[in-house]
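Results of the structural survey
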Amino acid sequence: MANVIVIGLLWGDEAKGKVVDFLAQEADYVVRYNGGNNAGHTVVVGESVYKFHTVPVGILHEGVTVVIADGVVLDPKVFCGELLALKERGINTNRIKVSGNAHIILPYHNIFDELEESSKGSSKIGTTGMGIGPCYADKMSRIGIRISEFVDPQRFRERLSAVIKRKNDIITKVYGGKPLDAEAVFNEYKAYAEVIAPFVTNTAMLLYNASKNYANIVFEGAHASLLDIDHGTYPYVTSSHCGAGGACIGTGVGPTSIDRVIGVVKAYTTRVGEGPFPTELECATGERIRKNGNEYGTTTGRPRRCGWFDSVAVRYTSALNATSAITLSLLDVLSGFDKVKVCTAYEIDGKRVTDFPQDIEELAKAKPIFEELPGWSEDISEIKEFADLPENTKRYVAKIADLVETPICMVSVGRRRDQTIILDAEMLQM
Ligand code: IMO
Ligand code: MG
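Residues numbered from 1 in each chain as written. Chains lettered and ligands numbered in written order. Predicted model: local features only at pLDDT ≥ 70, side-chain atom pairs only at ≥ 80, totals over all residues. Heavy atoms only, no water.

**Concerning the overall build of the protein chain**
Stated precisely, the cut-off is as follows: Secondary structure is summarised from DSSP: a helix means a run of H or I of at least four residues, a strand means a run of E of at least two, and numbering begins at the N terminus for each. With the radius of gyration taken over C-alpha atoms, the globule rule is written as 2.2 Å times the number of residues to the power 0.38. Exposure is judged per residue with a 1.4 Å probe applied to protein chains only, and the accessible area is read against the type maximum: over 50% gives exposed, under 20% gives buried, and values in between give partly exposed. Residue contacts are defined here by distance: any two heavy atoms, one from each residue, within 4.5 Å place the two residues in contact. The protein chains shown are the only cover counted for residues, whose accessible areas, like all others here, come from Shrake-Rupley with a 1.4 Å probe.
Counting secondary structure elements, the protein chain contains 13 helices and 20 strands. The C-alpha atoms of the protein chain give a radius of gyration of 22 Å, which matches the 22 Å a tight globule of 430 residues would have. By the burial criterion, 57% of the 430 residues in the protein chain qualify as buried. The contacts of the protein chain with a sequence gap of at least 6 include a subset with a gap of at least 24, amounting to 75%. When the accessible area of the protein chain is evaluated, it comes to approximately 17700 Å², of which 49% is carbon and sulfur surface.

Structure, rendered in structure tokens:
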């Protein structure tokens, strides 16, 4: 039995969905513990593509119970849409459990997300516009609405009308916007509450008992370590705890129950939204990676910024999360480049720096120092064994493991479940 956390080690979209889906084959529970529908987790099974924003990807495995835990912010409308889409594809959704402690995203959160972004002008964050930051801000201000209140119509109505009154004051007086009609919001959302009510569970106790009974639990991290509210590239981050510690914070599961942390990174780097990105390639090479890797956001469709692998950043986040092993994804995207580059250090104010800077202004000044490696031209997307990869590909993978000081347990060479090469099966054992 094992309790394993899967997290992104950079700025998101590392193919965490695929890794969680792989582990879910032997899991009893798959748990989302942070963020909301700003996440976009994709799983490809044969010809079928599944995109998840709120429901954990483990739902694709029949015997798995999926949990939306306390630390998540849930958009009821989006969740109900996902439920319907899953049912239409013949998937049994009765295996979903939702924590009564999770907070809900309401229309004023989306409105504030947009208003705050546009009022920031050129210093905007580049959020997904899903209302995530404003919802977490309300949670911290202790005016948020939890699922347990939401599914009780009387309490929901009272809380909603009190909060909307305050929100309308700001919308109209500060931003000169149109006020929301509390009654209209209530009438729409009480229908979602009726759908969600049967899923509500004390998920912290559910997971505690599961753990006591030797269940296998996968914690499906959303976003990534450098988008973490505390440890990321603040303020260009999301508003939740995206690191491994977030799995404990967001579920109530104690740290001593965790067995392993699997960090997911791409064979190159991407970022969506604003913020420093030392290895970014604003040139034809970046464009080529974007095209090869189909680097467009699952949630917003925005083109992702692309660059070479950054071992300074990954060594930092791997250390920060006590990462047991790394899975390297989208390696096939680099096929066909004559040379591939890996950033081994930064130059900041004329000095060579190998530790990832904590200060955002320092990071913004960082110029990458690259090591160039020979590329490979072969199509590697159907290779199943590490030994069968081209020599230069193996050299590239070994170089990365060495630089980030963390073993690599899996390499992904395509979107499908079976396009996976295992290097260390024990690390991936549940
Ligand atoms: P997954 O789980 C990539 C980024 C946004 C923006 C910043 C803040 O699919 O890897 P927010 O709407 O969260 O307040 O936006 O965080 N961001 C992500 N980028 N993948 C994600 O999730 C992301 N979730 C948030 O682009 O820069
Ligand atoms: Mg994504």
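**Remarks on the pattern of salt bridges**
Rules: Criterion for a salt bridge: a side-chain nitrogen of Lys or Arg within 4 Å of a carboxyl oxygen of Asp or Glu.
Evaluated as defined, the whole model comprises 21 salt bridges. Here E14 and K16 are joined by a salt bridge, their closest N and O atoms 2.9 Å apart. Neither residue differs from the other here; E14 and K16 are each classed as buried. It is possible to trace a salt-bridge network through shared partners that takes in D13, K266, E295 and R304.

**Things to note about the domain arrangement of the protein chain**
Put simply, the test is: Per the annotation, domain bounds derive from an automatic or database assignment of domains. Note on definitions: buried area is the accessible-area loss of two parts on being combined, 1.4 Å probe, summed for both. As used in this structure description, the phrase polar contact means that two N or O atoms lie within 3.5 Å; if the pair is within protein, one of them must be able to donate a hydrogen and the other to accept it, and residues adjacent in sequence are counted only when both atoms belong to side chains. The classification used treats Ala, Val, Leu, Ile, Met, Phe, Trp, Tyr, Cys and Pro as nonpolar, Asp, Glu, Lys and Arg as charged, and all other residues, Gly among them, as polar.
Domains assigned within the protein chain are domain 1 (3-100 + 199-260), domain 2 (103-196) and domain 3 (265-422). Look at where the C-alpha atoms of domain 2 and domain 3 centre, and you get two points 37 Å apart. Each partner contributes to the interface: domain 2 provides 6 residues, whereas domain 3 provides 5 residues. With both sides pooled, the region where domain 2 packs onto domain 3 buries about 400 Å², and carbon together with sulfur makes up 54% of that total. Linking domain 2 with domain 3 are 1 salt bridge. Applying the counting criterion to the domain 2 and domain 3 interface returns 2 residue pairs in polar contact (both at pLDDT 80 or more). Of the residues in the side of domain 2 that touches domain 3, the class split is 2 nonpolar, 3 polar and 1 charged.

**Quick look at the site of ligand 1**
Filter applied, for reference: The criterion for a residue being near a molecule or strand is simple. One of its heavy atoms has to lie within 4 Å of it. A 1.4 Å probe that fits into a set of points on a 1 Å grid over the protein atoms alone but cannot get out defines a cavity; an open set with protein on both sides within 12 Å along at least five of seven lines defines a pocket, and lining residues are those with an atom within 4 Å of a point. Grid points define the cavity or pocket, and a molecule sits in it when more than half of its atoms lie within 2 Å of them.
In the vicinity of ligand 1, 20 residues are found, and the nearest of them are D13, K16, T128, H223 and T238. With respect to ligand 1, the side chain of K16 contributes an N or O atom lying 2.7 Å from an oxygen atom. Expressed as a share of its isolated accessible area of 550 Å², the protein-covered part of ligand 1 is 97%. In a pocket analysis with a 2 Å cut-off to the grid points, ligand 1 is assigned to the largest pocket. Residues of the shell around ligand 1, tallied by class, amount to 7 nonpolar, 10 polar and 3 charged.

**Some details on empty space enclosed by the protein**
This is how the line gets drawn: Grid points are joined across faces, edges and corners, and a volume is the space filled by probe spheres set on the points.
All told, the structure shown has 1 cavity of 30 Å³ or more when counted by the stated rule. If you add up the space inside the largest cavity, you get close to 40 Å³. Along the walls of the largest cavity sit L10, W11, G12, E14, K266, Y268, T269 and T270, which together make up its complete lining. A breakdown of the residues in the lining of the largest cavity according to their chemical character gives 3 nonpolar, 3 polar and 2 charged. The residue makeup of the lining of the largest cavity includes at least three contributed by each of domain 1 (3-100 + 199-260) and domain 3 (265-422).

**Quick word on the layout of surface pockets**
Space inside the largest pocket adds up to approximately 810 Å³. Every residue lining the largest pocket is counted, 44 residues in all, and those nearest its centre are I125, T127, T128, V237 and T238. Listing elements by their share of the lining of the largest pocket, those giving two or more residues are helix 3 (107-120), helix 4 (132-140) and helix 6 (153-174). Of the residues assigned to the lining of the largest pocket, the class counts are 16 nonpolar, 16 polar and 12 charged. Looking at the second largest pocket, it is lined by 27 residues, and the ones nearest its centre are A15, T42, R304, L330 and R415. Broken down by secondary-structure element, the contributors of at least two residues to the lining of the second largest pocket are helix 1 (16-24) and strand 3 (41-45). Tallying contributions element by element places strand 3 first for the lining of the second largest pocket, with 4 residues. When its residues are assigned to classes, the lining of the second largest pocket shows 6 nonpolar, 12 polar and 9 charged. Formed jointly, the lining of the second largest pocket draws a minimum of three residues from each of two domains, domain 1 (3-100 + 199-260) and domain 3 (265-422).

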